[in-house]
Structures are given as C-alpha cells and as structure tokens.
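# A look at the structure
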Amino acid sequence: MGVEIRVEGLTKSFGRQVIWQDVSLTIPAGEISVLLGPSGTGKSVFLKSLVGLLKPDRGHIWIGDRDLPYLPERDLYETRKLFGVLFQDGALFGSMSLFDNIAFPLREHTKKSESDVKRIVMEKMDMVGLLGSEHKLPGEISGGMRKRAGLARALVLDPEILLVDEPDSGLDPVRTSFLNQVFIDLNAQIGATFLIVTHDINTARTVPDNIGLLYRRHLAMFGPREMLLSSEEPVVRQFLNASKVGPIGMSEEKDESELEAEAKMGLDSGKLPPIPPQQMASDGMLRTGMHAPGAWCAAHGVTPPPGSFIDDLGRNWVEEWPRYVASLTPVGAASAPPPGGMPPSAPPPGGPGGQFPGNPPPGRPGGAGY
Amino acid sequence: MSAPETGIGAGRRGGRKGDGGSATFRKIGDGAANVVVREPGRFFALCLDTGRACFVWPFQWREFIQQAWFIVSVTVVPTMLVAIPFGGVLSLQVGGLIRQLGAQSYTGATAVVAIVREASPLVTSLLVAGAAGSAMCADIGSRKIREEIDAMEVLGINPLHRLVVPRMFACAFVALFLNGLVSVVGLLGGYFFNVMLQGGTPGAYLASFNAIAQLPDLLQAEFKAFVFGITAGLVAAYKGLNAKGGPKGVGDAVNQTVVITFMLLFLENFLISTLYFQFVPSKGM
C-alpha cells in the first residue's frame, strides 16, 4: 500500500531566484497524481526535493511521520528505499548492462539469490517491453528504451512511492500510451503512490486521480482530476486545454493589453471541453485509489461540461461505473485487490523452466524484503 | 517576450536539471567570498564526509581493484618515460655543477637528494594529478551530469562510500608504487648518464650514494606519494561531484581539478619536506 506525502509551506530558491514558494499539498496514498506546469516552473526541482536530493529553504515534507528535509543522513537513505524514481533521461549507470542496472538495487539491498534476481529482473524487463536487450549498454539504446529501463530499475524494489519525471519526453505517442497503461496497471498491482511530472495534456487529462499545477512560483491548484478539468480558473483552464488563450504567454506571463485584446475578441468565454473518462487498469483490475467518475462533481454540485465521461464507444461511465465495479468482484481476489487492503501477493511462479513468465501475474511475486 | 530576463531562458534556470547550471548562478557563485570561503569550506566538508564513509562496511574491494588497475594503466608508461630523462637531466646539471666545485665523486650523493627525496614525489604528483585525477574527475563528472549520482542516492546508496572512497584509496595505493618506480628508474637513468656520459666511476657513485642515503628518505617520499594520492582523489571527487552545466561543465571540472591538484600537491610537498628536515637530521659523512 502506498504512503501519503504531505508537503507544507515548501519554498526553494537558487541564489536570489525563487523557484517556488509556500507549496502545500497532500498527495494521497495509493493514488496517481500528476504535476503540471509551464516549462521552467521547477517541477523537476520539486520532484528532487521530495526525495531529498535538494534541500528546500523552508517547509516540511512528511513521509509518514518522517520530515524528509530534516532527517539525519542515515535515516534519509533508509527513507529513500520507499521511493522509486524515474529520472528524465533514465539515469542508468553507463558502465553496466541493462540487466545489471535493473538488478543493482536488488543486489545492494536484498539478499536474494542470483536466480531470484534474474527472475525478478526479467519480469520487470518484460513489463516495460525490453526483453532481449538485457546485455546492451545504456549507450547503445535509444532514449525511449533508456527511459523504460529506468522505470524497470525504479520498480524492482516494489516502491511505496513512485516519482516519474516526464515519462513522455522523447517517447513516441504509442509508447507513451503504453507507458501510461503500465503506470495504471502498476498502481493497481502494487498500490504505490504515484507522482508524475509531465507536459503531455492527454496524459494529464486521462491518467491521474489528482492534478496539480505549478505556475508563477506558486502551486496554482491541486485537487481531484474532475475539480481541475471543470475549473474556470483561467490558468488551469488554459493549461489543461493547451490553449493560447489565457494568462500564460510565451514569456511566462502575458501583459494586460494582450489579455484585453483577447477579452474583446471574446476568446476567453468558450465552453470547457468535456471531461474524458479515466483510463482503466487492464485485465479487470480495479485500482483502489480510483475515484468513481462524476463523484467529485456530484458531491460539489458542479455540472460537468456536456459530453463528459463518455468513452469512444458511447458508454457513459457515470452510469457504467457501478456495473463495472460489480462485474469485477466475482473475478475474485486473484485479480482485484480488496478495497483498502494489501494487494494479494501471488506465490512466486516457480517450477522448472518457469523463470520468465510471459505475463506477470498481478500482485508481486516474491516481494522484496526491506 | 518583452523582458528577456523573465523570458524562456530565465524559466529554464533551475528548471530541468534543477541544480543551477545557468550563467546567473555561476556569476553569483564566482564572487571572491565564494572562492575564498565557500569552495574550500565545501571541499573540507566533502573530505570529512569521505573520511566518515571510509569506515562504513563493507569496503568496495571490487571497485578499488578496478580503479587501481585503471590508474596503473594510464600512469605507468608516462611515469617511466618522464622519470628517465628527469633522472638524466638532474645528473647532468648537478653533476656538472659538482664537477666545477671539484667534488665529482659525490655525484651519487646528489642523486639521492635530488631523485629519491624530491624528484620522484614530484614526478609522481605530476602524473597522479595530470593523468589519474583528471580521468577520475571526468568519470565522476559525467556520471553527475547524466544524473547517475542522483539515481544512486535515490537508490539508497551513498556515492561517497561507493565511488569516492575506493577511488581515493586506489589513487593513493598506486601513487605509492609509482613513487618507487620513479625512484628506481630515475636512479638508473642518473647512474647511466653519470657513468656513461660524464665519465664518473661506478664505485664512487655507489659509495657516495650509500654515504648520504638513509631509509627515512624513502619513507618520507612514500608518505608524500600517499598524501598526494589521497589529495588528488579528493579534489577529483569534489570537482566531479559538483560538475554542472552539461558536457562543458565536465570539461571545466577536469581543468580545475588538474590546476587545483597541482597547486595543492606542490604546497604539500613543500610542507612535508620542511617538516622532514626539522625532524630527521641529515646523515653526516
């Protein structure tokens, strides 16, 4: 089960330049959150602060009952074992093959036998579609492959929190979609807390349970997906619709005359586009962190834009949802984790020759002990 | 884009790589106070942290051996090629002077003073700083730029313990042997030049050598070499771990490593030599 991250009044500056200040948000345990923001608003800096690679000037980051920026070094290294981090470029160790890269955390932090290590590594490599490349060096593969290998390495210790820095940069749209599906399925399987930093609006609209937006050195908004997608707040609206109309200009902020001109032309009064249905976990798995479609809107008396929650097949997911959830229950504990509980840990697929299952079972075989 | 300082370029500051590789930060960081106070302070902080990491179990033997072998491979041949003419030129110069003073039979004695006490630690320092330190800094710096160091920390592994400590000891370990190598090769070169080219006699060379030489001469030279190795390793690690701003940043770091290491090693050489003469009396003849 994931761990909640509570950030209070976080401020970071380099020299005299303030990157962001007074950022407070709670990333709920076991849910997928996305952090958005125009280029250069310090999203990556925020991510690095969350793992303690950068020390904020002020504020607290609570991981459980531990305040990360003020931990002594030994506790910090211990706490970091809860994290899996996927860096922008994968950050693989250039001197090691992909296999050794992915096996590295297992060999460092667990006492698993080499055959166990091999099985787990192969399983993760299969999950990210890299089987057959295990002996290549990071310098010999493409950026997209490096990214996927970095993801596999971040996953081998079954982290409680997964931080992902721009999974879509340098990846083609098809692979981006697959990777998004991997994130959702992973969340269903291991129940980790996800924070994804991205620029990809499609990802931001369909994948997460929560969205946050950094703008002009502040956290403009953080909340459930439906809250932001139905928000009339100009910055949020402009960003989530990738629109030229709104306060964000090419150089961070538009000046007043530009905004007035836009208002005169009536560009800012267009309707919000419909809220797309959220991407589902495959294989009939139900994510415990997933919010029911339309629930937030209903609870807060917000009318979603017309056409919301309707998928390509014309099904309205607000109506479909109870049926969908009910249909999952009989599938049994093998695939659907009980709400609020630990995902079932399937027995390791043992047996002779059964080392590389083509399709890893849900749940985590042989969870790493740390 | 009316005001360039708040434009896209400004937004990139502290953005992607996050630790301030921009021109602005470097400008702030290059002030006199920074050079005099902050940089040395951070360097000593790294030295202390590395010192603490030395006592963390288990020691990375594999990395140590790999690095030692790597340093040997980049230093041995240049060391020998430098040591032979170095020994020769010392014999020529000092031998010529001594002949003018009428003490030609003492040329062997000068070789001890010149080569064993001073020249071999100096040649060692040149190669340790120029070849080993620069290679080490380039390696660590490029890892830093590729975010490998960050990734290592996130995976719960202290890069000081994992990378810096074994490199530092490998450097010191190899420096010990390099110093011995330079002494031997330099003495052979000196002997060859003295006997073959200057018409000295082998007997006089060896006799005067034995008259002046004492074991502490070699020990202090080995001690110097060890200190040089540790220093070169620490400077390379410090500069490498603080490399920023892409490939050019690594180049800058390597450049600074070589310059700073040279300065420190020559200073240390002077200090240790001074102390040596205070504590170890010269042998009478």
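Note that the structure is a prediction, hence the values are computed from the model and not measured.

This part takes up the sheet that holds strand S3 (residues 32-36) of chain A. Residues and elements named next belong to chain A. Pairing is mixed across the open sheet formed by six strands, whose spatial order is S6-S7-S8-S3-S9-S10. Of all strands in the sheet, those bounded by a partner on one side alone are strand S6 (83-86) and strand S10 (218-224). Strand-to-strand twist across the sheet, computed as the mean angle between neighbouring axes with direction ignored, equals 15°. Contacts between helix H1 (residues 43-50) and the sheet are confined to S3, strand S7 (161-165), strand S8 (193-197) and strand S9 (210-215), with S7 contributing the most and set at about 155° to the helix.

Residues and elements named next belong to chain A. Per-residue confidence for chain A gives a mean pLDDT of 79; residues scoring 70 or more make up 85%. Mean pLDDT across the elements of chain A ranges from a minimum in helix H10 (residues 256-264), with 70, to a maximum in S8, with 91. With pLDDT under 50 throughout, residues 330-370 is counted as low confidence; its partners more than four residues away or in other chains account for 66 contacts.

Attention now goes to the nonpolar core. If you look at the biggest cluster of nonpolar residues, it comprises 87 residues, and the most contacted ones within it are Ile102(A), Ala152(A) and Leu163(A). Residues contacting Ile102(A), with those up to four places away along its chain left out, are Val121(A), Lys124(A), Met125(A), Ala149(A), Ala152(A), Arg153(A) and Val156(A). Counting residues in each nonpolar core, the second largest holds 63 residues, with Val123(B), Ala132(B), Ala135(B) and Ala232(B) among its members.

Per the UniProt annotation, the sites labelled "domain: ABC transporter" (unreviewed entry) are residues 5-241 of chain A. The distance from the first to the last C-alpha atom of residues 5-241 of chain A is 28 Å, and the span holds 38% helix and 26% strand.

A separate point is the UniProt feature "transmembrane region" (unreviewed entry) in chain B. Residues and elements named next belong to chain B. This chain's UniProt record puts "transmembrane region" (unreviewed entry) on residues 68-92, 169-193, 223-241 and 253-279. The span residues 68-92 carries 100% helix and 0% strand; its end-to-end C-alpha distance comes to 35 Å. Span residues 169-193 is 100% helix and 0% strand, its end C-alpha atoms 36 Å apart.

Within a sheet, each strand pairs with its neighbour through backbone hydrogen bonds, oriented either parallel or antiparallel. Residues and elements named next belong to chain A. Across the sheet, four strands lie side by side as S2-S1-S4-S5; this open sheet has antiparallel pairing. In this open sheet, the two edge strands, each paired with only one partner strand, are strand S2 (17-27) and strand S5 (66-67). On the sheet, H1 packs against strand S1 (5-14), S2 and strand S4 (58-63) and is oriented at approximately 120° with respect to S1.

On to the pairing of S2(A), then. Residue and element names in this part refer to chain A. Sheet topology note: the S1/S2 ladder contains seven bridges and is antiparallel. Bridge pairing in S2 places Leu10 opposite Val23. In textbook terms, the turn of a hairpin is the stretch between consecutive antiparallel strands, and for S1 and S2 this stretch comprises two residues, one of which, Gly15, has a positive phi near 60°.

The subject of this paragraph is the environment of Met221(A). Residue and element names in this part refer to chain A. The residue Met221 is located in strand S10 in this model. Residue classification places Met221 among the buried positions, given that 20 C-beta atoms sit within 10 Å. Considering only alpha carbons, one finds Met221 and Leu286, 65 residues apart in sequence, at a separation of 27 Å.

Here we come to the packing of helix H3 (residues 98-109) of chain A against helix H5 (residues 143-155) of chain A. Residue and element names in this part refer to chain A. Closest axis-to-axis distance for the H3/H5 pair is 7 Å, and the angle between their directions is 25°. As far as their axial angle goes, H5 and H3 are roughly parallel. Handedness of the crossing formed by H3 with H5: right-handed. Note on element contacts: H5 touches H3 through Ala149, Ala152 and Arg153, opposite Leu98, Asn101, Ile102, Phe104 and Pro105. Here the contact of H3 with H5 is built from residues that sort into six nonpolar, one polar and one charged.

A separate point is the confidence of the model for chain B. All names here are of chain B. The share of residues in chain B with pLDDT of 70 or more is 87%, and the mean pLDDT across the chain is 80. In the predicted structure, residues 1-29 sits below a pLDDT of 50 and forms 46 contacts with residues beyond four places in sequence or in another chain. Among the scores for the predicted complex, ipTM is 0.71 and pTM is 0.74.

What follows is about unusual backbone geometry. The phi dihedral of Asp158(A) is positive, around 50°, even though this residue is not glycine. Tracing the backbone through its elements, the reader meets Asp158(A) in the loop between H5 and S7.

This part is about the environment of Met125(A). All names here are of chain A. Summarising the element assignment, Met125 is placed in helix H4 (residues 114-127). Linking Met125 and Ala152, residues 27 residues apart in sequence, is a C-alpha distance of 6.1 Å. Not counting the four nearest positions on each side in its chain, Met125 is found in contact with Ile102, Leu130, Leu131, Glu134 and Ala152.

This part takes up the environment of Tyr215(A). Along the chain, Tyr215(A) turns up in strand S9. Between the C-alpha atom of Tyr215(A) and that of Ala91(A), which follows or precedes it by 124 residues, the distance is 27 Å.

Residue and element names in this part refer to chain B. Its maximal kink placed at Thr75, helix H4 (residues 61-101) deviates by approximately 35°, while the proline Pro78 follows within four residues. Along H4, the residues that are buried comprise Gln67, Ile71, Thr75, Thr79, Ala83, Phe86, Gly87, Leu90, Ser91, Val94, Gly95 and Ile98. Residues of H4 that are buried make contact with helix H5 (107-145) and helix H7 (159-197). Remark: Gly102 follows H4 within two positions and exhibits a positive phi of approximately 85°.

Moving on to helix H6 (residues 173-190) of chain A. All names here are of chain A. In this model, H6 (18 residues) spans 25 Å end to end at C-alpha, consistent with the 26 Å of a helix rising 1.5 Å per residue. Of the positions making up H6, those classed as buried are Leu179, Asn180, Phe183, Ile184, Leu186, Asn187, Ala188, Gln189 and Ile190. Among the structural elements, S3, S8 and helix H7 (201-206) are those in contact with the buried residues of H6. Remark: Gly191 follows H6 within two positions and exhibits a positive phi of approximately 65°.

Take the packing of H5(B) against helix H8 (residues 202-212) of chain B next. Two quantities define a packed helix pair, namely the angle between the helix axes and the distance between the axes. All names here are of chain B. Running from N to C, H5 and H8 point in directions that differ by 45°, and their axes come no closer than 6 Å. Of the possible angle classes, the one that applies to H5 and H8 is oblique. Helix-helix and strand crossings are classified by hand; for H5 and H8 the assignment is right-handed. For the pair H5 and H8, contact is made by Thr107, Gly108, Ala109, Ala111, Val112 and Val113 and by Ala204, Tyr205, Leu206, Ala207, Ser208, Phe209, Ala211 and Ile212, respectively. Residues belonging to the contact of H5 with H8 are distributed by class as follows: 11 nonpolar, three polar and no charged.

Before going further, it helps to spend a moment on the pairing of S4(A). Residue and element names in this part refer to chain A. Here five bridges tie S1 to S4, and the two strands are oriented antiparallel to one another. Looking at S4, one finds that Thr11 is bridged to Arg58. In the sheet, S4 pairs with S5 via two bridges, with the strands oriented antiparallel. Paired with Ile63 across the bridge in S5 is Arg66.

Here is what the cut-offs are and how they apply
- Residues numbered from 1 in each chain as written.
- Chains lettered and ligands numbered in written order.
- Predicted model: local features only at pLDDT ≥ 70, side-chain atom pairs only at ≥ 80, totals over all residues.
- Pairing = 2+ DSSP bridges.
- Helix = DSSP H or I, 4+ residues; strand = E, 2+ residues; numbered from the N terminus.
- Axes fitted to C-alpha atoms, helices over the stretch in contact; angles between N-to-C directions.
- Contact = placed C-beta atoms within 7 Å.
- pLDDT = per-residue confidence, 0-100.
- Core = buried A, V, L, I, M, F, W, Y, C linked by C-beta atoms within 7 Å.
- Buried ≥ 20, exposed ≤ 12 C-beta atoms within 10 Å, placed from the backbone.
- UniProt positions renumbered as here; feature names shortened; annotations may be inferred.
- Parallel < 35°, antiparallel > 145°, perpendicular 65-115°, else oblique.
- Left-handed = near helix turned anticlockwise from the far one by under 90°.
- Nonpolar A, V, L, I, M, F, W, Y, C, P; charged D, E, K, R; others polar.
- Bend = angle between axes of the 7 residues up to and from the residue.
- Expected span 1.5 Å × (residues − 1).

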